[in-house]
Each structure stands twice: as structure tokens, then as C-alpha cells.
Amino acid sequence: MTSLFVHVEVKSRKMKHLATRKMFCYIEFMSTPRMITKTLKLRIKERHAKVLQLMASQVNQVWNFCNALSYRSIRERQQWLSGFDLQKYTAGFSQCDGILIGSATVQEVCKEYALRRKQFKKSKLRWRVSDPQKSKYSLGWIPFKGPSIRYHNGQLAFAGHRFSLWDSYGLSKYTLKAGCFTQDPRGRWYVCITVEVATKESTATQSVGIDPGCHTAFTCSDGTKLQGHWYRNLQKELGVAQRARKKNRVRAIHAKIANQRKDALHRFTTDVVRRFGAIFVGDISSRWALSGPLAKSAQDASWAMCKKMLEYKSHAAGVFYDEVKEHFTTQTCSSCSHMPPESPRGRAGLARSASCRAHGMEGIRQWKCGACGTLHDRDVNSAKNIVLSFGLLAEDARGQSRLAEGISVL
């Protein structure tokens, strides 16, 4: 893979070691071929739903047994059973009459239960409900290990059964590893399998900054925008179905919204990874917006999902990816690095304030720098400042680093 060299201009001495470390990490990433783990998701055909539902019910039995046993051990002996301890108590379950899942699946359930109990720091987790008619029904989940599953002639062999699927990836080209069967709210079954793929060499020679937002979901420094608003486009139709208590229709609309969002994000991220050799995204998080008036827009934009897509696609394509602090990127001029009084200030300027909404006006979308006279689109200017920062963590280093000799800044 071709090595790309980076020239970093640093004015602050305290940032010199950070810039140098960032530079060498970038060069090492772009010049070293690696194997990465990728998860493939494929849909199982409908005729296998009954067998998979029975297997999922047996997985729930193991989970609930581990839940009761672990809670009793903690309450009576103050002993927290590990996944290995739980596997000893569940040994032989797969040999009982009518049990379809194998011992490897039982072991994976025990390990997953111990992991989630530790993650949520609870002595007892929720019970898994197998009856689809119950309000707290748990969607089907069947884990497996790599040696437990085989692919042959368009079918997956697992636990003595063969499952037909729509193979859009060509599973015969991969060595299958651990994974699971999962069920969505509409009752459709999918198989998620982890495989290893080699990173490719990217021929792109430019870098891009991406600014996440609420009015526009994502804005690139070259002016490309992804509008978003998938939920808002269908919320009236969803409200009608909810008031009519049509549960199946509600599930279908939610699935349509999720599919539209995934399709748009996949198209956007694939195009960005194909066109650019280095990608820098603002490190904005939806947590700050969940309790405010922007909660619905922040969740609809799905910033975390897009970042995750960009990260794993960049690694697979040999493209450098990094998240950059975006403090004051909207208010700072990307041309002269000044913060003039004409730039948007505060939430009233950055978003639609109550007074603006009352008069049918938008917040500040464009502004002109009083220092250099450059007319800026608010989101594009922020994206340009993000790519100019090149991942440096100090506020005074923003705009001081540049990519050169191979990758140019847009």
C-alpha cells in the first residue's frame, strides 16, 4: 500500500508532540495493509421462521435459568457467577429431549449473560419472554460459534437444519466466524456473521471534513449535504396508524423509516469513502440534545450510525478516519481564522429560536466575515474548519495543521 507523507505546521510548542504523533499514526495507517473484521447481515427465508422461533425460545430458557441462578447466588452467598461458572450448571441441557440448540450456543448464552450483567452493573437482568402475544416479548436471538455453522450451495447448516437465505455477499468467498440469528419487530429473521477481509488501497488524493447537524444531517467541506428528516417525512402517517391502533402498520412504517435512513447513510458514506483519502468528522454527540427541543432532530439524523459506517468503511478501503473537536467551528471564519461579531452566536443564532419560529424565519444559515469579506454557508464553514484542524485537540491549534504531498484539503 502506498505511503502518504504529511507536513504539519505547528506554531505552539506544547502541541508539537501531539502533531508529530498524529502524523506518524496517519502515515503508519496508510502504509500498512491489515485484516479487519466485518459483520455481514443476510435475510433468512420465511419458511424457516417456525424452527428459528423454537430455537429462540430454548435460548430464552437458558438465559432465564442463568438469570435466576446468578441472582440466587448473589443474594444467598454474595458470589457473582462468571460465564464459565454458568456453563458448568447448564452442561447437558443440549442433550435433553426436544432441544434443538447445541452446547456451543448454550455456552455463548452464558457468556453473553455474564457480560451484560457486568456491563449494566445489575444483580439481575430482564427476563426474556418467548410468547409473541405478550407486550414485553423479546425479539428472537440465537448465538453461535464459527465451527457450529457451515455454508454450502446457498444454505447455512446449523444445529441439524439447513436454512435458505438471500446471499447478496457470496458467503462462499469468506471463512465464517461467530455470529447470531436475529429477529426484527416484523418477525423477519436475519443471520449476522463476522468475517475477515483485507484492507484495500485507496487512490483518492483529497481530504474532507464533515459537520453533523440537525437542520442538515451531514455537511461536507466540498458543499455536499445529506438532508435527513426521514422520521419527520412520515410522522403524520405514523400518527394516523398509532391513533387507529394498527400495530402491524405502525411496525411497517417504523421499518420503512429505518430502511430509508440506512439506505441514505450507506449511499452517503460509500460516496465519501470512495472520493476521499482522509475523512475528519466533528465529534458531536446526541446526548446534549436529548433533553432539549432538538432531541427529535438529533435522533433522526443518527450521527452515531453514520460515524460507525464511515469508520468501518474507511478501514476497509484504506482511508484515514478521525473524529475532531468542533468547538467554535461554526463561528470561526475558515478563510482568515477570525471570529467576527457577524458569525452565529448562541442557540438563537445557530438554530431556530422561538422568536424566529413565531415570525416564520430561519436561524442564521449564511453570514459574511467582517475581516476578510468571505460569504460563508454556516455548515460548510464548520466542515472546512473541521478538516483544517486535522485532529489536533487544542483550541489554539485549529487551522494550523495542513495535509500536503498526496492529500489536499478542500
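The rules behind the values
- Throughout, residues of each chain are indexed from 1 in the direction in which the sequence is written.
- Where totals are concerned, whole chains, interfaces and linings use all residues; where local detail is concerned, this predicted model gives features only for residues with pLDDT of at least 70, and gives and counts side-chain atom pairs only at 80 or more.
- Hydrogen atoms and water are omitted, and side-chain values are computed over all heavy atoms in the structure.
- Helical segments are the DSSP runs of H or I of at least four residues, strand segments are the runs of E of at least two, and each set is numbered from the N terminus.
- Here, nonpolar core means buried Ala, Val, Leu, Ile, Met, Phe, Trp, Tyr and Cys residues that are tied together by side-chain atoms lying within 4.5 Å of each other.
- Partly exposed residues are those whose accessible area sits between 20% and 50% of the maximum for their type, while under 20% is buried and over 50% is exposed, using a 1.4 Å probe and protein chains only.
- Any two residues having at least one pair of non-hydrogen atoms within 4.5 Å are treated as being in contact.
- Strands are labelled as partners when DSSP assigns at least two bridges between them.
- Helix axes are fitted to C-alpha atoms over the stretch in contact, other axes to C-alpha atoms as well, and angles between N-to-C directions run from 0 to 180 degrees.

A. Region of the structure containing unusual backbone geometry. The backbone of Gln78 sits at a positive phi, close to 55 degrees, despite the residue not being glycine. Assignment of secondary structure puts Gln78 in the loop between helix H2 (49–77) and helix H3 (83–89). We note that Lys121 has phi near 55 degrees; this positive angle belongs to a residue other than glycine.

B. Looking closely at the nonpolar core. By size, the foremost hydrophobic cluster in this structure holds 40 residues, and its most contacted members are Ile142, Phe181 and Val191. Elements with a contribution of two residues or more to this core: strand S1 (35–43), H2, helix H4 (103–120), strand S2 (141–144), strand S4 (155–158), strand S6 (179–183) and strand S7 (189–198). Per-element accounting of this core gives the leading share, 8 residues, to H2. Once residues lying within four places of it in the same chain are set aside, the contact partners of Val191 are Leu40, Lys41, Leu42, Ile44, Phe144, Leu156, Leu165, Cys180 and Phe181. Grouped together as the second largest cluster of nonpolar side chains are 32 residues, Cys214, Phe276, Ala289 and Met309 included.

C. Expanded view of the pairing of strand S5 (residues 161–164). When S4 meets S5, the two strands line up antiparallel, connected through 4 bridges. Paired with Leu156 across the bridge in S5 is Phe163. Connecting S4 to the antiparallel partner S5 that follows it, the hairpin turn spans 2 residues, and Ala159 within it adopts a positive phi of roughly 55 degrees.

D. Up close: the sheet that holds S4. Across the sheet, 3 strands lie side by side as S3-S4-S5; this open sheet has antiparallel pairing. Each edge of the open sheet carries a strand with a single partner, namely strand S3 (149–152) and S5. Ignoring strand direction, the axes of neighbouring strands in this sheet form an average angle of 30 degrees. H2 rests against S4 and S5 of the sheet, and its axis sits at about 120 degrees to S5.

E. How the structure looks around the sheet that holds S7. An order of S1-S7-S6-S2 is seen for the 4 strands of this open sheet, with the pairing classed as antiparallel. One side of each edge strand has no neighbouring strand; the edge strands of this open sheet are S1 and S2. On average, each strand axis in the sheet is inclined to that of its neighbour by 20 degrees, with strand direction left out of account. Of the strand pairs in this sheet, S2 and S6 are connected by 4 bridges, and their pairing is antiparallel. The partner of Trp141 across the bridge, within S6, is Thr182.

F. A look at the environment of Ile257. When you line up the elements, Ile257 lands in helix H6 (residues 247–275). Separated by 25 residues in sequence, Ile257 and Arg232 have C-alpha atoms that sit 9.3 Å apart. Apart from residues lying up to four places away in sequence, Ile257 is in contact with Trp230, Tyr231 and Leu234.

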